[in-house]
Structure formats: C-alpha cells, structure tokens
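Okay, here's what each chain looks like letter by letter:
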Amino acid sequence: MKRVISIAIVSLVILSLVLVGGVYSGNVTKAATKEGKITIWAWDPNFNIAIMNEASNRYKKINPKVKFEIANMAKADVEQKLNTVLASGVKTGLPEIVLIEDYNAQKYLTSYPGAFADLTKHFNYKDFAQYKVSLMTLKGKVYGVPFDSGVVGWFYRSDYFSKAGFKANDLINITWDKFIEMGKIIKQKTGKYMVGFDPYDGGLMRIMLQSAGRWYFDKNGKVDIANNPVLKEALISYKKVVDSGIAKKVSGWNQWVASFNNGEVASVVTGVWIIGSIKAEKSQSGKWAVAPVPRLNIKGSVNASNLGGSSWYVLQNSKYRDIAIDFLKQIYAKDIDFYQKILIERGAVGTYLPAQKGKAYTASDPFFGGQKIFVHFSNWMKNIPSVNYGLYTYEADSAIMAVMPDVYSGKLSVDAALKKAEEQFKNKVGQ
Amino acid sequence: MKKDTKIKNLIVYIFLIIMSIVSVFPFFWMIVGMTNKSVDIIKGKLTFGNALIENFNNLFSNYEVGRIIINSFKISLTIVIGSLLISSMAAYGFEFYPSKIREKIYAILLATMMIPFAALMVPLFRLMVAFNLLDSHWGVILPMLPSVFLIFFFRQSFKLYPKEIIMAARVDGASELRIFLSIVFPSMKSTYAAAAIYSFMTSWNSYLWPLIVLQSDEQKTMTLLVSTLSSGYNPDFGVIMTTVVLATLPMIIVFFGLQKYFVQGILGSVKQ
C-alpha cells in the first residue's frame, strides 16, 4: 500500500513538474513578458477590419496581455491621416500597423524614408507570392507583410455562354482579340453584352499591363508611357472593345456592379475580391463560372494578372513595434487555419502560399456551379508577373484616361495619344 | 397680352416644378434607399422596400451609432455656442470701438479666409500634439471656434444697428458687457439664428479636421461614420442610406426650427 501511495506521489510530482515546465517554456513565457496595445488603421469593415479582428483574437490566445485597437476608416481617410501625421514629423499619433494599398506602397516608402520598419529579416518572403513582395521592396529591403491578392479572373455566366455554344475549355488561355470575337457571338446569340465597361476607368488597362509584366513605369521607377509597346497594345484593345459593341457602357462602380447583378452582361473581368458583389445577387447562384484572364496579343503576356490588393506595414516609431511584428509573424506568416477562415468567411485570398493547400482553397463552390475556383486563383496568382508600381500609378492612370476620348473618336492615333499622355503626366508630377 | 403672361407663367411653373423635382430627388432617393437592400439600390430601384428594419439592425449592431450621434452633437453645439459668442463679440468690437488700425486688422483677418485649410493642417496638427489634445473632442472644437466669416457676417449686421442707442447706454453708465448682453444681443436674434444655422451646418458636416485629430472609434462623429461605411469593396448601400438620413435629420430640424429668423438674418446683413 505504502508503495502504491509513494508511486502516486512521485508521479504526481513529475506530472506537475512537466506541466509547469511546459507552461514556462517556449512561446508562452516569452509572450507573457510582452504587454502593450497595438493600434491598427485599415479600411473596409467587412473585409480588412473583420479579418484583423479575427487575427487579433487568434493572437490574444498566444499572448493574452496584448490589447488591440482596430480603427475602421475609409481608405482615403487612412491615407490622409497617414500623410498628415508623417508630414508633421511628430512621433505620436501613429498606429503600430497600417494597411497600404499596393499601388501606393512605393510612394509612401520613398516619401517617408525611415517611417516604416524594415521587416526583411523577420519574415521568410519566399513563402509569399513574389509579385507582392517586390512591390514592397525598396533598395533590397522589404517593408511590408503581403496580405490580400487582387489576382484577376474572368467571371462568366455559364448559362449565357453555353447558350451561345461555348464550352468551358473555349475560354482557357485566349487573347483579348479572341475575347472580343466571342463577345460578338454572345451578343448575337443571347442579346447580352460581353462585359460592363467604363471606358474611362483604368482598371482593365492595369490588368492588361501587369499580365505582360510592364507598367506605366520601368523597373527603376522611370516613367514609361510614350514608347511602351504593352501600353500601346492595351490602348488598342480598349478601343477595340469600345468599337466592337460588345461592352455595355457604364459610368462608375455602382453601374458596373449593377450590370452583372442585373444579368445584363455575360462576364466580368476583374480582381478576385469582386466575388462578394457577384454573390450578392443570390438568384444567379449556380450560373457563374471562372476562367483565366485573357492575355494581350504580345510576346510575354500571360493569362494571369492582378488588380488592387493591399498589405500591412509596421511603423518604425510606434510604441509597440516589436509586438506588432510578432503579431503579424504569428498570424499572417504561420497560421494556415486563419487563412482558411478568412477565405470562407470574407472571400479574402491571402498571398501566403503555404496556406493555399488548405481545405478552404480546395473546396468547390455551388455558386460557381461546383467549380473549385480558389484552386485556379492560387495557380494564377503564382504566375502574376512582378512590376514596379512606381510612385504615381493613379496620376499616370488619369493622364492616360484623359486622352482616351480622342482615341475613341479617332482624333488622335494611339502613338500620339501616348505621347500626349506622357507629357501631361510629366507636367502634373513635375518630372 | 394676357395670353402672353399666361404662357410665360406656365413656362415658369414648369421650370420650377422640374427644378424642385431635381432638388428633392436626392432626399427621396435617400429615404427610399433606407428601406431597400444594397443590391436593389445598386440596380436603381426607386420604390419603397421592406429592408428598413434590417438596415437599422445592421447599422446599430455594428456601430455605436448612439454614441457617435452624441459625439457629433457635443462637438457641434459647443462650436455653435462658442463661435457665436466669440464672433459676435469680435464683430461688436470691430464695429463700435473706433481705432486707427482696426480696418487694417480687419482686412488681414478677411485675407486669412483665402488660405485653404489643407495648408494649415500639418502645423495645426503639431500644435494639437503639443497641447496633448490628440484624440479629444477639444482638439476638434478649439481650432473651429474662431470663424472669420461669422465675424464678417455679424459686423455687417451691426452696421445697421443705431449707434445712438449704444452711446446713450454708455452715457447712462452701462458697462460694455451689459450693453452687449442686454441691449445688442436681444435685438439681433435673427442674425444669431442665421449664424447658428451656418455654424451648426459647418461643424456638423466638418470632416477633414475631425478625421485628422480623432483617432479612436469612441470619439468618431457622424461624418466619419458615413465615410467609413462608404468605403470598402462591397459597401452596403442600404446601411449607408440609413446613416445618411440619420446624419441629415438634425440639420433639417435645426434649419426648419430657425428658418423664420434665418431669412430675416440674411436680409439684415445683406441689405446694407
């Protein structure tokens, strides 16, 4: 009996030692020494904010002493605030983490040197989609944590397309010229337009450019408009789309969304983030499918591109910088389950590659006729060519769009239009 | 001749009817939108729907609208009271205290209206940081208290005010504060009402400066809420319309409440 009791006591002691040792070793001990409040600025309550809430809840389990304050603002507001505070040079009033749209990343990194923390050594950037990493790299240093992808898909109404006699395979790896041809047949056979198209929106232009690995700027960030063969081809394609009559002309975002919610158009070519708006019209469930984006009729253009997307940046002078970095590391560069959850709940396609073998990425979607759409998006994402977005993407975009009316009317040749756009751009930004 | 005026009247009325439809339409659309789902609003539905309660629920369950409205009222009312007091006293001084350099100072003051706010923003932000007023409502209120426009507006009204009354009060030994509070103030109600409407509208609608100063969600105002809701890849227009209606209501109430005085007040300062 005595022996039994002593064995029990000894094993209890050993067990408790193991338990205590477990608690006080590894991450938990380290985490217990960290306290602080991480402030985050981002936009879109249903997307970025909701995702950050999820991420922060997960981190609180690893490190319960950290508090979060996630400020929800409009995108323009985040930018306005960030610009004002950074320009004022004061070190208070900044968050730990801020969301920056990819097109503007280089502008912030160059305009405010030293403002953002160098994260090169903290993350294994090979785990992220390369086109995302390159846009947050300046002089060999990486300053952000890649977040959502704007990988482009060609969303189409399979019912309209089959009515016009097209099969899913007919849509794979085609050029924009073929796209326009198909659009004409669709129009003829179903009476529907191929796409809703705002002739003065540069989104499609940016999709076309990136698919060929070019931009309004060259690799060194120098303006590359007047003699840019890819841009020239993109302009020609814009004119062809307008001239062919396959596009329902819309003005602005709402009309564009209405064009496919109403069932007036047969397809949408845009970033993966549009899925939410497509699915908003529940009556169209099962009628949609997705195919790779058409490519330009030019060497080097691939059937993969990107539109939009944003990433997280840590402010160098923020109070709890190190905790913020650890937070991003633990969740955004480690937690594969997190990426499954945000994909299912928010439709967010992350750019952390190891997460893309998870369950959610390989599930089939009844709204898209049972297609495993995210498997495709993951594959296309890896093929998106890297480009340098430069400092003035939106300015270049509007310079191009300003000459488009003359291109459509035939008043200006494409070459002349590009030349004029480059001049106007240079005047505007003083280059 | 008679026929001619009839036709003229007809044209005028048709024009007015069209114009009133055009100007009332946004309000109508806003109210209709409040009762519809986002997807219907995007499609351009112009009839009343049944999503009103859903929209309200979505708005109130996701945002602390009550506190946001209180924040807006707190800021706006403080600014209205403060700026009316400061501006009217300043205008009184400019009008009734003769001095050699007052017109020069007044001209400089008016000239500052030309400086766009964006140019002042960064230094003002630094000032607020130095005063430790970041993320506080006083940080929003203080820079908005002095209003050159209101000083100008009050001064124009005071120009009509019979100076003899003030002289007489001074002779009777009334203090300047007493003259201002018990003689000038009561007789200028309509001017104050007009100024109050103007001040309330600008402070209620002010956006850029609260955006910069206020940091946390607890301190937010209505305009910031509307702006927050409108951004995003998939904005819920039903909720946005509901918020916009809520944000517009106080202004409409203030305007109609003070409308009677408003016209008099504007006339008073323009009649010169």
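The model shown is predicted, which means the values in this text are computed figures rather than measured ones.

### Considering the interface of chain A and chain B
In this complex, chain A contributes 36 residues to the contact, which on the side of chain B involves 26 residues. Between chain A and chain B, a total of about 2700 Å² is buried, with carbon and sulfur atoms accounting for 55% of that surface. Where chain A touches chain B, the interface holds 1 salt bridge. In this structure, the salt-bridge partner of Glu281 of chain A is Lys43 of chain B, at a minimum N-O distance of 2.7 Å. Linking chain A with chain B are 9 residue pairs in polar contact (both at pLDDT 80 or more). Looking at the side of chain A that touches chain B, the elements with two or more residues in it are β1 (36-43), α3 (45-62), β2 (66-73), α4 (75-88), α11 (252-261) and α12 (275-279) of chain A. Tallying contributions element by element places α4 of chain A first for the side of chain A that touches chain B, with 8 residues. A class-by-class count of the residues in the side of chain A that touches chain B yields 15 nonpolar, 14 polar and 7 charged.

### Digging into the environment of Asp4 of chain B
Here Asp4 of chain B shows up in helix α1 (residues 2-34). In sequence terms Asp4 of chain B and Ala111 of chain B are 107 residues apart; their C-alpha atoms lie 49 Å from each other.

### Observations concerning the sheet that holds strand β6 (residues 144-146) of chain A
Residues and elements named next belong to chain A. Ordered by their spatial adjacency, 5 strands build an open sheet running β2-β1-β3-β12-β6, and the pairing between neighbours is mixed. The sheet is open, and its two borders are formed by β2 and β6, each paired with just one other strand. Taken over all neighbouring pairs, the strand axes of this sheet differ in orientation by 25° on average, direction set aside. By the bridge criterion, 2 bridges tie β1 to strand β3 (residues 97-101) in an arrangement that is parallel. For Trp41, the partnering residue across the bridge sits in β3 and is Val98. Relative to β1, α4 is tilted by about 125°, and along the sheet it contacts β1, β2 and β3.

### Here's the deal with empty space enclosed by the protein
A complete count under the given rule lists 2 cavities of 30 Å³ or more for this structure. What lines the largest cavity is a set of 14 residues, and nearest its centre among them are Met73 and Lys81 of chain A together with Leu214, Gln215 and Lys220 of chain B. Of all the secondary-structure elements, those providing two or more residues to the lining of the largest cavity are β2 and α4 of chain A together with α12 (208-213) and α13 (222-230) of chain B. Element by element, the count of residues in the lining of the largest cavity is highest for β2 of chain A, at 3 residues. Of the residues in the lining of the largest cavity, the class split is 6 nonpolar, 4 polar and 4 charged. As a volume, the second largest cavity reaches approximately 40 Å³. Together, Ser72, Ile75, Ser76, Ser203, Trp204, Ser206, Pro210, Thr221 and Thr223 of chain B line the second largest cavity. Elements represented by at least two residues in the lining of the second largest cavity include exactly α4 (65-96) and α11 (189-205) of chain B.

### Re the packing of helix α5 (residues 102-111) of chain B against helix α8 (residues 148-159) of chain B
Residues and elements named next belong to chain B. Between α5 and α8, whose axes approach to 9 Å, the crossing angle comes to 135°. The angle between α5 and α8 places the two elements in the oblique class. The handedness of the crossing between α5 and α8 comes out as left-handed. Residue-level contacts link Arg102, Glu103, Tyr106, Leu109 and Leu110 of α5 to Val148, Ile151, Phe152 and Arg155 of α8. Here the contact of α5 with α8 is built from residues that sort into 6 nonpolar, no polar and 3 charged.

### Some words on unusual backbone geometry
Positioned with a positive phi, Asn173 of chain A is a non-glycine residue whose angle comes to about 50°. Residue position: Asn173 of chain A is located in the loop between α7 (158-163) and α8 (176-190). In this model, Asn132 of chain B sits at a positive phi of 65°, which is unusual for a non-glycine residue. Among the secondary structure elements, Asn132 of chain B is positioned in the loop between α6 (117-130) and α7 (137-144).

### Remarks on the pairing of β3 of chain A
All names here are of chain A. By the criterion of burial, β3 is predominantly enclosed, with 5 of the 5 residues buried. What you see with β3 is no split at all: Ile97, Leu99 and Glu101 on one side and Val98 and Ile100 on the other are buried throughout. The pairing of β3 with strand β12 (residues 310-314) spans 5 bridges and is antiparallel. In the sheet register, Glu101 faces β12, and the bridge partner there is Ser310.

### Topic: the sheet that holds strand β9 (residues 247-249) of chain A
Residue and element names in this part refer to chain A. Taken together, 5 strands build an open sheet; the order of strands is β9-β8-β10-β7-β11 and the sheet is mixed. Each edge of the open sheet is held by one strand with a lone partner, namely β9 and β11 (288-292). Each adjacent strand pair in this sheet contributes to an overall mean axis angle of 35°, direction not counted. Its contacts with the sheet place α8 against β7 (152-157), β8 (193-197) and β10 (265-271), and it is angled at close to 115° to β8.

### Quick look at helix α13 (residues 321-332) of chain A
Residues and elements named next belong to chain A. Taking 1.5 Å of rise per residue, 12 residues should cover 16 Å, and α13 covers 16 Å from first to last C-alpha, within 8% of that figure. For α13, the tally of buried residues reaches 9 of 12 residues, placing the bulk of the element in the interior. Looking at α13, one finds that the buried residues are Ile323, Ala324, Ile325, Asp326, Phe327, Leu328, Gln330, Ile331 and Tyr332.

### So, helix α16 (residues 393-409) of chain A
Residue and element names in this part refer to chain A. With 17 residues, α16 extends 25 Å from end C-alpha to end C-alpha; this agrees with the ideal 24 Å at 1.5 Å per step. The sharpest bend along α16 reaches about 35° and sits at Val403, with the proline Pro405 one to four residues further on. The buried fraction of α16 amounts to 12 of the 17 residues, a majority that puts the element mostly inside the structure. Taken together, the buried positions of α16 are Thr393, Glu395, Ala396, Asp397, Ala399, Ile400, Met401, Val403, Met404, Asp406, Val407 and Tyr408. Contact partners of the buried residues in α16: α5 (102-111), β8, α9 (203-211), α10 (229-244) and α17 (414-429). Phi for Gly410, located one or two positions after α16, is positive at around 85°.

### A short note on the nonpolar core
With 215 residues, the main nonpolar core has Phe116, Trp154, Trp312, Phe327, Tyr332 and Ile400 of chain A as its most contacted residues. Here this core takes 10 residues from α4 of chain B, the largest share from any one element. Excluding residues that lie within four positions of it along the chain, Phe116 of chain A makes contacts with Leu82, Leu86, Val98, Ile100, Tyr108, Leu109, Tyr143, Tyr313, Val314, Leu315 and Gln316 of chain A.

### Examining a nonpolar patch on the surface
Together, Leu10, Val12, Tyr13, Ile14, Phe15, Leu16, Ile17, Ile18, Met19, Ile21 and Val22 of chain B line one region of the surface with nonpolar side chains, adding up to about 1100 Å² of accessible area. Locating Val22 of chain B in the fold gives a position in helix α1.

### Here's the deal with the confidence of the model for chain B
Residues at a pLDDT of 70 or more form 96% of chain B, whose mean pLDDT is 89. Here the complex is predicted with pTM 0.82, and the ipTM for its interfaces comes to 0.78.

### Here we look at the packing of α8 of chain B against α11 of chain B
Residue and element names in this part refer to chain B. α11 packs onto α8 with a crossing angle of 165° between their chain directions and a minimal axis gap of 11 Å. Classed by the angle they form, the pair α8 and α11 counts as roughly antiparallel. Judged by the twist between their axes, the crossing of α8 over α11 is right-handed. Contacts between α8 and α11 involve Phe149, Leu150, Phe153, Phe154 and Ser157 from the first element and Thr191, Tyr192, Ala194, Ala195, Tyr198 and Ser199 from the second. Tallied by class, the residues present in the contact of α8 with α11 amount to 8 nonpolar, 3 polar and no charged.

### Observations concerning the confidence of the model for chain A
All names here are of chain A. With 92% of its residues at a pLDDT of 70 or more, chain A shows a mean pLDDT of 90. Considering each helix and strand of chain A separately, the mean pLDDT is smallest for helix α2 (residues 26-32), with a value of 41, and largest for β11, with 97. Within the model, the stretch residues 12-32 combines pLDDT values under 50 with 6 contacts to residues more than four positions away or in other chains.

Conventions used here
Residues numbered from 1 in each chain as written. Chains lettered and ligands numbered in written order. Predicted model: local features only at pLDDT ≥ 70, side-chain atom pairs only at ≥ 80, totals over all residues. Heavy atoms only, no water. Contact = heavy atoms within 4.5 Å. Buried area = accessible area lost by both parts, 1.4 Å probe. Salt bridge = Lys/Arg side-chain N within 4 Å of Asp/Glu carboxyl O. Polar contact = N/O pair within 3.5 Å; in protein donor to acceptor, adjacent residues only side chain to side chain. Helix = DSSP H or I, 4+ residues; strand = E, 2+ residues; numbered from the N terminus. Nonpolar A, V, L, I, M, F, W, Y, C, P; charged D, E, K, R; others polar. Pairing = 2+ DSSP bridges. Axes fitted to C-alpha atoms, helices over the stretch in contact; angles between N-to-C directions. 1 Å grid on protein atoms, 1.4 Å probe; cavity = no way out; pocket = protein on both sides within 12 Å on 5 of 7 lines; lining within 4 Å. Points joined across faces, edges and corners; volume = space filled by probe spheres on them. Parallel < 35°, antiparallel > 145°, perpendicular 65-115°, else oblique. Left-handed = near helix turned anticlockwise from the far one by under 90°. Buried < 20%, exposed > 50% of the residue type's maximum accessible area, 1.4 Å probe, protein only. Expected span 1.5 Å × (residues − 1). Bend = angle between axes of the 7 residues up to and from the residue. Core = buried A, V, L, I, M, F, W, Y, C linked by side-chain atoms within 4.5 Å. Patch = residues over 30% accessible without salt bridge, like charges linked within 9 Å, V, L, I, M, F, W, Y side chains within 5 Å. Areas by Shrake-Rupley, 256 points an atom, 1.4 Å probe, with all protein chains shown as cover. pLDDT = per-residue confidence, 0-100.

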